[in-house]
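Okay, here's what each chain looks like letter by letter:
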Amino acid sequence: MTVIGSDLNEAARLLTAGQLVAIPTETVYGLAANALNPEAVLRIFEVKERPSFDPLIVHVNSIAALQEYASSVPPQALALAQEFWPGPLTLVLPKKDIIPDLVTSGLPGVGLRMPAHPLALSLLRQLPFPLAAPSANPFGYISPTLPQHVYRQLQGKIPYILDGGPCTIGVESTIVGFEGDEVLVYRLGGLPFEHIQRIVPGAQLRLNASSNPAAPGMLLSHYAPRKPLLLGEIEKLLEMHPGRRTAVLSFRRDFSDIPGVSACEVLSPSGDLHEAAAHLFAAMRRLDEADLDLILAEPVPDTGIGRAVNDRLRRASAE
Ligand code: TXA
Ligand code: MG
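Residues numbered from 1 in each chain as written. Chains lettered and ligands numbered in written order. Predicted model: local features only at pLDDT ≥ 70, side-chain atom pairs only at ≥ 80, totals over all residues. Heavy atoms only, no water.

1. Observations regarding the pairing of strand 5 (residues 89-94)
Remark: a regular strand shows side chains that alternate across the two faces of the sheet.
Logical step 1: The pairing of strand 5 with strand 9 (residues 174-179) spans four bridges and is parallel. Residue pairing in the sheet places T90 in a bridge with I175 of strand 9.
Logical step 2: Of the strand pairs in this sheet, strand 5 and strand 6 (residues 109-113) are connected by four bridges, and their pairing is antiparallel. When the sheet's bridge partners are listed, V92 is paired in strand 6 with G111. (Pairing = 2+ DSSP bridges. Helix = DSSP H or I, 4+ residues; strand = E, 2+ residues; numbered from the N terminus.)

2. Here's the deal with the side chain of N34
Logical step 1: Mapped onto the fold, N34 is located in strand 3 (residues 30-34).
Logical step 2: Separated by 2.8 Å, the side chain of N34 and the backbone nitrogen of L36 make a polar contact.
Logical step 3: In this structure, N34 is in contact with L15, A40, V41, F129, P130 and L131, ignoring residues within four places of it in sequence. (Polar contact = N/O pair within 3.5 Å; in protein donor to acceptor, adjacent residues only side chain to side chain. Contact = heavy atoms within 4.5 Å.)

3. Focus on the environment of K95
Logical step 1: Tracing the chain through its elements places K95 in the loop between strand 5 and strand 6.
Logical step 2: Considered as a pair, K95 and A70 are 25 residues apart in the sequence and their alpha carbons are 4.6 Å apart.
Logical step 3: Sequence-distant contacts of K95, that is, excluding residues within four places in its chain, are made with Y69, S71, P100, D101, T104, L107, P108, G109 and V110.
Logical step 4: Looking at K95, its side chain comes within polar contact range of the side chain of D101, at 3.3 Å.

4. Re the side chain of R285
Logical step 1: Structurally, R285 can be placed in helix 9 (residues 273-289).
Logical step 2: Among buried charged residues, R285 stands out as having no salt bridge; its nearest opposite-charge side chain is E289, 4.7 Å away.
Logical step 3: Once residues lying within four places of it in the same chain are set aside, the contact partners of R285 are Y141, I142, S143, P144, H149 and Q153. (Buried < 20%, exposed > 50% of the residue type's maximum accessible area, 1.4 Å probe, protein only. Lys, Arg positive; Asp, Glu negative; His and termini not counted. Salt bridge = Lys/Arg side-chain N within 4 Å of Asp/Glu carboxyl O.)

5. Quick notes on the sheet that holds strand 11 (residues 204-205)
Logical step 1: Judged by pairing direction, the sheet is mixed, and its 11 strands sit side by side in the order 1-8-2-3-7-4-6-5-9-10-11 without closing on themselves. Each edge of the open sheet carries a strand with a single partner, namely strand 1 (3-5) and strand 11.
Logical step 2: With three bridges joining them, strand 4 (residues 57-59) and strand 6 adopt parallel strand pairing. In the strand pairing of strand 6, I57 is matched with G111.
Logical step 3: Helix 2 (residues 38-48) contacts strand 3 and strand 7 (131-132) of the sheet and is inclined by roughly 155° relative to strand 3.
Logical step 4: Each of strand 1, strand 2 (21-23), strand 3 and strand 8 (160-162) touches helix 6 (residues 147-154); the most contacted strand, strand 8, lies at about 165° to it. (Axes fitted to C-alpha atoms, helices over the stretch in contact; angles between N-to-C directions.)

6. Observations concerning the packing of aromatic side chains
Logical step 1: Tallied over the entire structure, the rule returns zero aromatic pairs.
Logical step 2: For the cation-ring pair, R253 lies above F255, with the distance from its terminal atom to the ring centre recorded as 4.3 Å. (Phe/Tyr/Trp six-rings, centres within 6.5 Å; stacked < 30°, edge-to-face > 60°. Lys NZ or Arg CZ within 6 Å of the ring centre and 35° of its normal.)

7. Describing the packing of helix 9 against helix 10 (residues 306-317)
Logical step 1: Orientation of helix 9 relative to helix 10, taken along the N-to-C sense of each, is 20°, at an axis distance of 9 Å. It follows from the interaxial angle that helix 9 and helix 10 lie roughly parallel. Seen along the crossing, helix 9 lies across helix 10 with a hand that is left-handed. Across from L273, A277, L280, F281 and M284 in helix 9, the residues of helix 10 making contact are G306, V309, R312, L313 and A316.
Logical step 2: Classifying every residue of the contact of helix 9 with helix 10 gives eight nonpolar, one polar and one charged. (Parallel < 35°, antiparallel > 145°, perpendicular 65-115°, else oblique. Left-handed = near helix turned anticlockwise from the far one by under 90°. Nonpolar A, V, L, I, M, F, W, Y, C, P; charged D, E, K, R; others polar.)

8. Overview of the confidence of the model for the chain
Logical step 1: This prediction gives the chain a mean pLDDT of 95; 96% of its residues lie at or above 70.
Logical step 2: Below pLDDT 50 for its whole length, residues 209-213 participates in seven contacts with residues either more than four positions away or in separate chains. (pLDDT = per-residue confidence, 0-100.)

Have a look at this one:
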(Lines give C-alpha, C1' and ligand atoms only; values in the text may rest on other atoms or scores of the structure.)
(Ligands and ions follow the chains in the order given, each with its own letter.)
Protein backbone atom coordinates (compact mmCIF):
# COMPACT_ATOMS: atom_id res chain seq x y z
CA MET A 1 0.00 0.00 0.00
CA THR A 2 1.19 3.51 -0.80
CA VAL A 3 0.39 6.34 1.61
CA ILE A 4 0.47 10.05 0.73
CA GLY A 5 1.24 12.14 3.82
CA SER A 6 3.36 14.90 5.28
CA ASP A 7 4.94 13.02 8.20
CA LEU A 8 8.67 13.72 8.07
CA ASN A 9 9.42 11.20 10.83
CA GLU A 10 7.69 8.42 8.91
CA ALA A 11 9.64 9.33 5.74
CA ALA A 12 12.91 9.34 7.72
CA ARG A 13 12.07 6.02 9.38
CA LEU A 14 11.37 4.28 6.05
CA LEU A 15 14.50 5.70 4.39
CA THR A 16 16.63 4.64 7.36
CA ALA A 17 15.19 1.12 6.97
CA GLY A 18 16.40 1.06 3.35
CA GLN A 19 12.99 1.69 1.78
CA LEU A 20 12.02 4.11 -0.99
CA VAL A 21 10.10 7.35 -0.38
CA ALA A 22 8.92 9.84 -3.00
CA ILE A 23 9.97 13.32 -1.93
CA PRO A 24 9.00 16.80 -3.08
CA THR A 25 11.65 19.11 -4.48
CA GLU A 26 11.25 22.56 -6.02
CA THR A 27 11.87 21.07 -9.48
CA VAL A 28 10.00 17.73 -9.66
CA TYR A 29 9.19 14.89 -7.24
CA GLY A 30 12.08 12.50 -6.63
CA LEU A 31 12.14 8.77 -5.84
CA ALA A 32 14.54 8.70 -2.90
CA ALA A 33 16.70 6.11 -1.15
CA ASN A 34 19.74 6.15 1.13
CA ALA A 35 22.49 6.98 -1.39
CA LEU A 36 25.08 5.09 0.67
CA ASN A 37 23.09 1.84 0.69
CA PRO A 38 23.54 -0.04 -2.61
CA GLU A 39 20.59 -2.38 -1.99
CA ALA A 40 18.23 0.54 -1.45
CA VAL A 41 19.63 2.27 -4.54
CA LEU A 42 19.09 -0.89 -6.59
CA ARG A 43 15.38 -0.74 -5.71
CA ILE A 44 15.18 2.69 -7.37
CA PHE A 45 16.36 1.22 -10.67
CA GLU A 46 13.86 -1.65 -10.33
CA VAL A 47 10.84 0.51 -9.45
CA LYS A 48 11.60 3.06 -12.19
CA GLU A 49 12.53 0.37 -14.72
CA ARG A 50 15.54 2.54 -15.28
CA PRO A 51 18.53 1.22 -17.25
CA SER A 52 21.56 0.76 -15.02
CA PHE A 53 23.68 3.03 -17.27
CA ASP A 54 21.70 6.11 -16.19
CA PRO A 55 23.25 7.65 -13.03
CA LEU A 56 21.33 9.13 -10.09
CA ILE A 57 21.62 12.58 -8.53
CA VAL A 58 22.63 12.62 -4.85
CA HIS A 59 20.74 15.15 -2.71
CA VAL A 60 22.67 16.75 0.15
CA ASN A 61 21.80 19.13 3.00
CA SER A 62 24.66 21.64 2.88
CA ILE A 63 27.45 23.17 0.84
CA ALA A 64 29.90 21.50 3.22
CA ALA A 65 28.68 18.14 1.88
CA LEU A 66 30.65 18.88 -1.31
CA GLN A 67 33.85 18.03 0.58
CA GLU A 68 32.27 14.90 2.03
CA TYR A 69 31.27 13.26 -1.26
CA ALA A 70 33.51 14.88 -3.91
CA SER A 71 37.24 14.13 -4.01
CA SER A 72 38.00 17.56 -5.46
CA VAL A 73 35.94 20.73 -5.80
CA PRO A 74 37.01 23.24 -8.45
CA PRO A 75 36.67 26.90 -7.38
CA GLN A 76 33.93 27.48 -10.01
CA ALA A 77 31.89 24.63 -8.52
CA LEU A 78 32.18 26.12 -5.06
CA ALA A 79 31.25 29.56 -6.40
CA LEU A 80 28.16 28.14 -8.14
CA ALA A 81 27.07 26.25 -5.01
CA GLN A 82 27.54 29.34 -2.86
CA GLU A 83 25.44 31.41 -5.24
CA PHE A 84 22.67 28.95 -6.14
CA TRP A 85 22.35 26.31 -3.39
CA PRO A 86 19.88 25.38 -2.17
CA GLY A 87 18.32 25.37 -5.64
CA PRO A 88 17.81 23.72 -9.03
CA LEU A 89 21.51 23.13 -9.79
CA THR A 90 23.32 19.77 -9.93
CA LEU A 91 27.13 19.73 -9.91
CA VAL A 92 28.93 16.70 -11.35
CA LEU A 93 32.22 16.23 -9.47
CA PRO A 94 34.74 13.39 -9.02
CA LYS A 95 33.25 11.08 -6.42
CA LYS A 96 34.71 9.77 -3.21
CA ASP A 97 34.63 6.03 -2.60
CA ILE A 98 31.82 6.37 -0.06
CA ILE A 99 29.42 6.91 -2.99
CA PRO A 100 28.54 3.45 -4.37
CA ASP A 101 29.37 2.82 -8.06
CA LEU A 102 25.74 1.86 -8.61
CA VAL A 103 24.68 5.48 -7.93
CA THR A 104 26.93 6.85 -10.68
CA SER A 105 26.50 3.89 -13.06
CA GLY A 106 30.21 3.30 -12.77
CA LEU A 107 31.13 6.83 -13.84
CA PRO A 108 33.92 8.61 -11.94
CA GLY A 109 31.68 11.65 -11.27
CA VAL A 110 28.73 12.08 -8.93
CA GLY A 111 25.89 14.57 -9.44
CA LEU A 112 25.32 16.53 -6.21
CA ARG A 113 22.42 18.87 -5.48
CA MET A 114 21.07 20.67 -2.44
CA PRO A 115 17.32 21.08 -3.06
CA ALA A 116 15.44 24.20 -1.93
CA HIS A 117 12.07 22.66 -1.05
CA PRO A 118 11.58 23.19 2.72
CA LEU A 119 10.29 19.65 3.35
CA ALA A 120 13.13 18.06 1.38
CA LEU A 121 15.66 20.14 3.29
CA SER A 122 14.12 19.30 6.69
CA LEU A 123 14.18 15.62 5.77
CA LEU A 124 17.80 15.76 4.60
CA ARG A 125 18.82 17.60 7.79
CA GLN A 126 17.19 14.88 9.86
CA LEU A 127 19.08 12.04 8.11
CA PRO A 128 22.71 10.98 8.62
CA PHE A 129 22.99 10.05 4.91
CA PRO A 130 22.33 11.79 1.54
CA LEU A 131 19.47 10.75 -0.75
CA ALA A 132 19.86 9.35 -4.24
CA ALA A 133 16.78 10.42 -6.17
CA PRO A 134 15.85 10.43 -9.84
CA SER A 135 12.55 11.95 -10.91
CA ALA A 136 9.74 9.73 -9.56
CA ASN A 137 8.34 8.59 -12.92
CA PRO A 138 8.73 5.40 -14.93
CA PHE A 139 11.83 5.74 -17.13
CA GLY A 140 11.27 7.99 -20.14
CA TYR A 141 7.85 9.33 -19.07
CA ILE A 142 6.91 12.85 -17.95
CA SER A 143 8.33 13.88 -14.55
CA PRO A 144 5.84 14.29 -11.67
CA THR A 145 5.11 17.74 -10.25
CA LEU A 146 2.32 16.68 -7.84
CA PRO A 147 2.09 13.82 -5.29
CA GLN A 148 -0.90 12.49 -7.25
CA HIS A 149 1.28 12.12 -10.37
CA VAL A 150 3.62 9.87 -8.38
CA TYR A 151 0.71 7.94 -6.86
CA ARG A 152 -0.90 7.17 -10.19
CA GLN A 153 2.26 5.58 -11.56
CA LEU A 154 4.02 4.07 -8.54
CA GLN A 155 1.17 3.10 -6.21
CA GLY A 156 1.76 -0.30 -4.64
CA LYS A 157 5.48 -0.12 -5.43
CA ILE A 158 6.62 2.32 -2.72
CA PRO A 159 5.36 2.73 0.87
CA TYR A 160 5.25 6.53 1.17
CA ILE A 161 4.89 9.75 -0.81
CA LEU A 162 5.87 12.87 1.14
CA ASP A 163 3.34 15.53 0.14
CA GLY A 164 4.97 18.91 -0.43
CA GLY A 165 2.30 20.30 -2.76
CA PRO A 166 2.93 21.36 -6.36
CA CYS A 167 6.57 21.85 -7.44
CA THR A 168 7.21 25.56 -7.86
CA ILE A 169 9.88 25.37 -10.59
CA GLY A 170 8.45 22.48 -12.58
CA VAL A 171 11.44 21.41 -14.71
CA GLU A 172 14.44 19.40 -13.51
CA SER A 173 17.69 20.87 -12.23
CA THR A 174 20.36 22.33 -14.49
CA ILE A 175 23.33 19.94 -14.60
CA VAL A 176 26.87 21.35 -14.72
CA GLY A 177 30.12 19.40 -15.14
CA PHE A 178 33.79 20.37 -14.92
CA GLU A 179 36.19 18.92 -17.49
CA GLY A 180 39.75 20.22 -17.31
CA ASP A 181 39.33 24.00 -17.28
CA GLU A 182 35.92 23.87 -18.90
CA VAL A 183 32.60 24.42 -17.17
CA LEU A 184 29.91 22.63 -19.16
CA VAL A 185 26.14 22.62 -18.92
CA TYR A 186 24.97 19.08 -19.67
CA ARG A 187 21.25 19.63 -19.12
CA LEU A 188 19.20 22.84 -19.28
CA GLY A 189 16.93 23.15 -16.29
CA GLY A 190 15.39 25.24 -13.57
CA LEU A 191 18.46 27.47 -13.13
CA PRO A 192 18.79 29.54 -16.33
CA PHE A 193 22.07 29.22 -18.28
CA GLU A 194 22.39 33.02 -18.16
CA HIS A 195 22.58 32.88 -14.36
CA ILE A 196 25.43 30.37 -14.52
CA GLN A 197 27.27 32.57 -17.00
CA ARG A 198 26.95 35.48 -14.59
CA ILE A 199 29.11 33.54 -12.08
CA VAL A 200 31.23 31.62 -14.61
CA PRO A 201 31.40 33.73 -17.81
CA GLY A 202 33.20 30.96 -19.72
CA ALA A 203 30.51 28.31 -19.11
CA GLN A 204 29.39 26.54 -22.26
CA LEU A 205 26.50 24.38 -23.37
CA ARG A 206 27.32 20.72 -23.97
CA LEU A 207 23.83 19.27 -24.21
CA ASN A 208 23.64 15.59 -24.77
CA ALA A 209 21.30 14.76 -27.59
CA SER A 210 22.03 11.07 -27.39
CA SER A 211 24.07 8.71 -25.28
CA ASN A 212 27.00 10.89 -24.32
CA PRO A 213 28.75 9.09 -21.50
CA ALA A 214 28.98 12.33 -19.50
CA ALA A 215 25.21 12.31 -18.92
CA PRO A 216 23.76 9.13 -20.35
CA GLY A 217 20.26 9.96 -19.19
CA MET A 218 19.88 12.76 -21.67
CA LEU A 219 18.46 10.56 -24.41
CA LEU A 220 16.77 12.58 -27.10
CA SER A 221 13.39 10.93 -26.56
CA HIS A 222 12.59 11.59 -22.91
CA TYR A 223 10.04 13.35 -20.71
CA ALA A 224 7.63 12.05 -23.31
CA PRO A 225 3.86 11.55 -23.36
CA ARG A 226 2.52 8.33 -24.90
CA LYS A 227 0.55 10.25 -27.52
CA PRO A 228 2.37 11.77 -30.46
CA LEU A 229 3.40 15.36 -29.74
CA LEU A 230 4.32 17.66 -32.62
CA LEU A 231 6.24 20.86 -32.03
CA GLY A 232 5.90 23.93 -34.27
CA GLU A 233 3.59 26.76 -35.20
CA ILE A 234 0.12 25.69 -34.02
CA GLU A 235 -1.88 27.05 -36.96
CA LYS A 236 0.40 25.38 -39.52
CA LEU A 237 0.34 22.09 -37.62
CA LEU A 238 -3.48 22.24 -37.51
CA GLU A 239 -3.63 22.65 -41.29
CA MET A 240 -1.27 19.73 -41.78
CA HIS A 241 -3.23 17.36 -39.51
CA PRO A 242 -6.96 17.86 -40.16
CA GLY A 243 -9.68 15.52 -38.90
CA ARG A 244 -7.84 14.20 -35.84
CA ARG A 245 -8.91 14.64 -32.22
CA THR A 246 -6.30 17.28 -31.57
CA ALA A 247 -5.14 19.01 -28.39
CA VAL A 248 -3.04 22.15 -28.21
CA LEU A 249 -0.36 22.96 -25.65
CA SER A 250 0.22 26.69 -26.09
CA PHE A 251 2.34 29.30 -24.40
CA ARG A 252 -0.14 32.17 -23.87
CA ARG A 253 -2.89 32.09 -26.49
CA ASP A 254 -6.10 30.13 -25.96
CA PHE A 255 -6.81 27.99 -29.05
CA SER A 256 -9.92 26.21 -27.70
CA ASP A 257 -12.34 28.06 -29.99
CA ILE A 258 -10.39 27.30 -33.16
CA PRO A 259 -12.13 24.66 -35.33
CA GLY A 260 -10.45 21.27 -35.06
CA VAL A 261 -9.12 21.83 -31.53
CA SER A 262 -10.69 19.51 -28.91
CA ALA A 263 -8.73 20.74 -25.91
CA CYS A 264 -6.22 23.47 -25.14
CA GLU A 265 -3.83 23.91 -22.25
CA VAL A 266 -2.39 27.43 -21.95
CA LEU A 267 0.90 27.43 -20.02
CA SER A 268 0.83 31.11 -19.05
CA PRO A 269 -1.87 33.52 -20.28
CA SER A 270 0.29 36.44 -19.09
CA GLY A 271 3.36 35.15 -20.92
CA ASP A 272 5.42 34.45 -17.79
CA LEU A 273 8.11 31.82 -18.49
CA HIS A 274 8.38 30.74 -14.84
CA GLU A 275 4.65 30.09 -14.74
CA ALA A 276 4.91 28.19 -18.03
CA ALA A 277 7.68 25.95 -16.63
CA ALA A 278 5.71 25.28 -13.43
CA HIS A 279 2.64 24.20 -15.45
CA LEU A 280 4.39 22.31 -18.26
CA PHE A 281 4.48 18.69 -17.04
CA ALA A 282 1.03 18.71 -15.40
CA ALA A 283 -0.50 20.13 -18.60
CA MET A 284 1.30 17.54 -20.73
CA ARG A 285 -0.04 14.78 -18.50
CA ARG A 286 -3.63 16.03 -18.63
CA LEU A 287 -3.53 16.03 -22.42
CA ASP A 288 -1.85 12.63 -22.51
CA GLU A 289 -4.63 11.21 -20.31
CA ALA A 290 -7.48 12.85 -22.27
CA ASP A 291 -9.40 11.13 -25.07
CA LEU A 292 -7.36 12.55 -27.95
CA ASP A 293 -5.14 11.39 -30.82
CA LEU A 294 -2.54 14.10 -31.12
CA ILE A 295 -0.91 16.91 -29.14
CA LEU A 296 0.32 20.04 -30.94
CA ALA A 297 2.74 22.22 -29.01
CA GLU A 298 4.51 25.50 -29.70
CA PRO A 299 7.92 26.62 -28.42
CA VAL A 300 8.07 29.40 -25.83
CA PRO A 301 10.52 32.35 -26.04
CA ASP A 302 14.01 30.80 -25.95
CA THR A 303 15.44 32.72 -23.02
CA GLY A 304 15.97 32.10 -19.29
CA ILE A 305 13.98 29.11 -18.05
CA GLY A 306 12.19 29.13 -21.42
CA ARG A 307 15.21 27.29 -22.84
CA ALA A 308 14.58 24.37 -20.49
CA VAL A 309 10.89 24.37 -21.40
CA ASN A 310 11.78 24.20 -25.11
CA ASP A 311 14.32 21.45 -24.42
CA ARG A 312 11.62 19.34 -22.69
CA LEU A 313 9.14 20.02 -25.52
CA ARG A 314 11.74 18.92 -28.10
CA ARG A 315 12.46 15.71 -26.20
CA ALA A 316 8.72 15.06 -25.74
CA SER A 317 8.27 15.39 -29.50
CA ALA A 318 11.17 13.12 -30.48
CA GLU A 319 10.34 9.63 -31.72
O1 TXA B 1 15.69 18.33 -10.53
C2 TXA B 1 16.23 17.23 -10.59
O3 TXA B 1 17.40 17.10 -10.98
C4 TXA B 1 15.41 16.01 -10.17
C5 TXA B 1 15.08 16.14 -8.69
C6 TXA B 1 14.41 14.91 -8.14
O7 TXA B 1 16.24 16.45 -7.98
N8 TXA B 1 16.11 14.81 -10.46
C9 TXA B 1 16.26 14.35 -11.74
O10 TXA B 1 16.88 13.12 -11.81
O11 TXA B 1 15.87 14.94 -12.71
P12 TXA B 1 16.88 12.20 -13.11
O13 TXA B 1 17.42 10.91 -12.65
O14 TXA B 1 15.53 12.15 -13.69
O15 TXA B 1 17.93 12.82 -14.05
C16 TXA B 1 19.27 12.75 -13.65
C17 TXA B 1 20.21 12.92 -14.79
C18 TXA B 1 20.71 11.63 -15.39
O19 TXA B 1 19.84 11.11 -16.33
C20 TXA B 1 22.04 12.09 -16.00
O21 TXA B 1 21.75 12.70 -17.23
C22 TXA B 1 22.48 13.17 -15.03
O23 TXA B 1 21.37 13.53 -14.28
N24 TXA B 1 23.49 12.65 -14.08
C25 TXA B 1 23.31 12.17 -12.83
N26 TXA B 1 24.46 11.76 -12.29
C27 TXA B 1 25.41 11.99 -13.20
C28 TXA B 1 26.81 11.76 -13.26
N29 TXA B 1 27.46 11.21 -12.25
N30 TXA B 1 27.47 12.13 -14.38
C31 TXA B 1 26.80 12.67 -15.40
N32 TXA B 1 25.48 12.90 -15.42
C33 TXA B 1 24.79 12.57 -14.34
MG1 MG C 1 14.08 11.96 -14.95
